[in-house]
Amino acid sequence: GTGAALACAPLPLRAQALPHIRVAGVATDDMTPIYWAVKSGMYLKAGLDVEIVPVSSGTAATTAVIAGAYEIGKGSPIASMLAHLRGLPLVVIANASMWDPKNPFNLTVVAGDSTIKTGADLNGKIAASPALNDMNGLSIMAWVDQNGGDSKTLKYVELPNSATAQALHDHRVDVAAMVQPQVADAIADGTVRVLAEGFSAIANRFVIANYFANSDWVAKNPDVVKRWVRVTLAAGAYTNTHHADTVAMMSDVTKIQIEIFRKMVRVEATTPATADPALLQPLIDVAAKYKNIPRAFP
């Protein structure tokens, strides 16, 4: 009996010693650094027990973290900005992923046979994005206004990425933002053509996803938060430059076939070099201009 009791003893002790952090987010390519840091033991080495909780949307992650169901979440900065402006107990702890036109994983597209070339050509037309008032819709509005059109005349519909190419092809919608890998397939078979590098209408370089946490938990665990951020950004620096190492893992996570994942334009993870919170400012300003959030703030 004693032997069995001793054999069991280290486990509960170890679980107690390591802070258990549940990270909620949609299981997409921009979670690569977290999956990698779990798989490679980077978190454990830093004394953290990290569990990934896949959720249906960034908004779901934000709501759950505010409620205290999970410690950390990943999602759109717009949801975090709204929480901040409403005084909810949420704090952004790090940038998660970046937009860079050299890495165009998100593109604004029209039907392959569409004659649309300018913003003015889109006046009165229908734009599709996966969620209303999201960054995709924001990027379309900004592009239209920068290219001679009037974004206020557009109608917006909600459409999942998987259904967008067909809707454009059938001329049920006129313009949409699409992400990899669906957009690469649709371009390759001529269903759609690229109108613009979507997010560049917001800014050439800005944060497109962030990590956030419940502010009460952050106040009680400042050292844990610092360690988690340090490891996650270091993992991002590794995964950005070692795509081949994460293809099989993320193909399994996202259920995107491995051959497709291998050729796909990958999302750029935040690294210590892109950790500056000021990289959120362009999105704050454009989101306020188009009333996705009530007002801008520094």
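Residues numbered from 1 in each chain as written. Predicted model: local features only at pLDDT ≥ 70, side-chain atom pairs only at ≥ 80, totals over all residues. Heavy atoms only, no water.

Peer 1: Can you walk me through the pattern of salt bridges in this structure?
Peer 2: Where charged atoms from two side chains of opposite charge approach closely, those side chains can pair. On inspection of all chains with the given rule, the structure shows 8 salt bridges. A salt bridge links Lys102 to Asp100, with the shortest nitrogen-to-oxygen separation between them at 3.2 Å. In this structure Lys102 comes out as exposed when scored by relative accessible area, which is 71%. Taking the shortest distance from any N to any O, the salt bridge between Glu268 and Arg205 comes out at 2.8 Å. A residue pair is termed long-range when its members are at least 10 positions apart, and Glu268 in strand S11 (residues 268-269) and Arg205 in the loop between strand S9 (192-196) and strand S10 (206-214) qualify at 63 residues. Note on Arg205: relative accessible area 30%, which makes it partly exposed. (Salt bridge = Lys/Arg side-chain N within 4 Å of Asp/Glu carboxyl O. Buried < 20%, exposed > 50% of the residue type's maximum accessible area, 1.4 Å probe, protein only. Helix = DSSP H or I, 4+ residues; strand = E, 2+ residues; numbered from the N terminus.)

Peer 1: Which parts of the structure should I look at to understand the layout of surface pockets?
Peer 2: To locate leftover empty space, one rolls a probe as large as a water molecule over the atoms. In this structure, the largest pocket occupies an estimated 1300 Å³ of space. Looking at the largest pocket, it is lined by 48 residues, and the ones nearest its centre are Val26, Gly58, Ser76, Asp134 and Asn136. At the level of secondary structure, the elements contributing two or more residues to the lining of the largest pocket comprise helix H5 (58-66), strand S3 (72-75), helix H6 (77-85), helix H7 (135-146), strand S8 (175-179) and S10. Considering each element in turn, the lining of the largest pocket owes the most residues, 5 residues, to H5. Grouping the constituent residues of the lining of the largest pocket by class yields 25 nonpolar, 18 polar and 5 charged. There is about 340 Å³ of room inside the second largest pocket. Taken together, 19 residues form the lining of the second largest pocket, with Val92, Pro277, Leu280, Ile284 and Phe297 sitting closest to its centre. Elements with a contribution of two residues or more to the lining of the second largest pocket: H6, strand S4 (90-99) and helix H14 (281-289). (1 Å grid on protein atoms, 1.4 Å probe; cavity = no way out; pocket = protein on both sides within 12 Å on 5 of 7 lines; lining within 4 Å. Points joined across faces, edges and corners; volume = space filled by probe spheres on them. Nonpolar A, V, L, I, M, F, W, Y, C, P; charged D, E, K, R; others polar.)

Peer 1: Teacher, can you tell me more about the packing of helix H3 (residues 32-39) against helix H12 (residues 243-254) here?
Peer 2: Between two packed helices, both the angle of their axes relative to each other and the distance between the axes serve to describe the pair. For the pair H3 and H12, interaxial distance at closest approach is 10 Å and the crossing angle is 105 degrees. Here H3 is positioned roughly perpendicular relative to H12, judged by the angle of their axes. Residues Thr32, Tyr35, Trp36 and Lys39 of H3 form the contact with H12, whose participating residues are Asp245, Thr246, Met249, Met250 and Val253. For the contact of H3 with H12, the class distribution of residues is 5 nonpolar, 2 polar and 2 charged. (Axes fitted to C-alpha atoms, helices over the stretch in contact; angles between N-to-C directions. Parallel < 35°, antiparallel > 145°, perpendicular 65-115°, else oblique. Contact = heavy atoms within 4.5 Å.)

Peer 1: It is not clear to me how the packing of aromatic side chains should be interpreted in this structure. Could you clarify?
Peer 2: To describe a pair of aromatic rings, one takes the distance between the centres and the angle between the planes. Considering all chains together, one arrives at 7 aromatic pairs under this definition. Taken together, a centroid distance of 5.3 Å and an interplanar angle of 10 degrees make the contact between Trp36 and Tyr238 stacked. Note that Trp36 is positioned in helix H3 and Tyr238 in helix H11 (residues 222-241), a separation of 202 residues in sequence. Judged by relative accessible area, Tyr238 falls into the partly exposed class, the value being 27%. Considering the side-chain rings of Tyr211 and Trp228, the 5.0 Å spacing of their centres and the 90 degrees angle between planes classify their relative orientation as edge-to-face. Of this pair, Tyr211 sits in strand S10 while Trp228 sits in helix H11, and the two are 17 residues apart along the sequence. A single burial state applies to Tyr211 and to Trp228, both of which are buried. Cluster of aromatic residues (ring-pair linked, three or more members): Trp99, Phe105, Phe199 and Phe206. (Phe/Tyr/Trp six-rings, centres within 6.5 Å; stacked < 30°, edge-to-face > 60°.)

Peer 1: Whenever I open this one, the sheet that holds strand S7 (residues 155-158) confuses me. Can you help?
Peer 2: To summarise the sheet geometry, strands pair through backbone hydrogen bonds and adopt either a parallel or an antiparallel arrangement. Taking strand neighbours across the sheet as the criterion, the 5 strands line up as S7-S6-S8-S5-S9 in an open arrangement whose pairing is mixed. Two strands bound the open sheet, and with one partner strand each, they are S7 and S9. Taken pair by pair, the neighbouring strands of this sheet meet at an average axis angle of 35 degrees, ignoring direction. Where strand S6 (residues 126-129) meets S7, 4 bridges bridge the pair, whose relative direction is parallel. Note that in S7 the partner of Ala128 across the bridge is Val157. Those strands touched by helix H8 (residues 161-169) are strand S5 (106-111), S8 and S9, and its axis lies near 145 degrees from that of S8. (Pairing = 2+ DSSP bridges.)

Peer 1: Explain the sheet that holds strand S1 (residues 20-25) to me, please; I cannot follow it from the model alone.
Peer 2: Across the sheet, which stays open at both edges, the 6 strands sit in the order S2-S1-S3-S10-S4-S11 with mixed pairing between neighbours. Since the sheet does not close on itself, it has two edges, and those belong to strand S2 (49-54) and S11, each with one partner. As paired strands, S1 and S3 are joined by 2 bridges and run parallel to one another. Within S3, the position partnered with Val23 by the bridge is Ile72.

Peer 1: Please explain the packing of H3 against H11 as it appears in this structure.
Peer 2: Between H3 and H11, the least distance of the axes is 8 Å, while the angle of their chain directions is 105 degrees. For the element pair H3 / H11, the angle class is roughly perpendicular. Across the interface between the two elements, Thr32, Pro33, Ile34, Trp36 and Ala37 of H3 pack against Trp228, Val231, Thr232, Ala235, Gly236, Tyr238 and Thr239 of H11. Partitioning the contact of H3 with H11 into residue classes produces 8 nonpolar, 4 polar and no charged.

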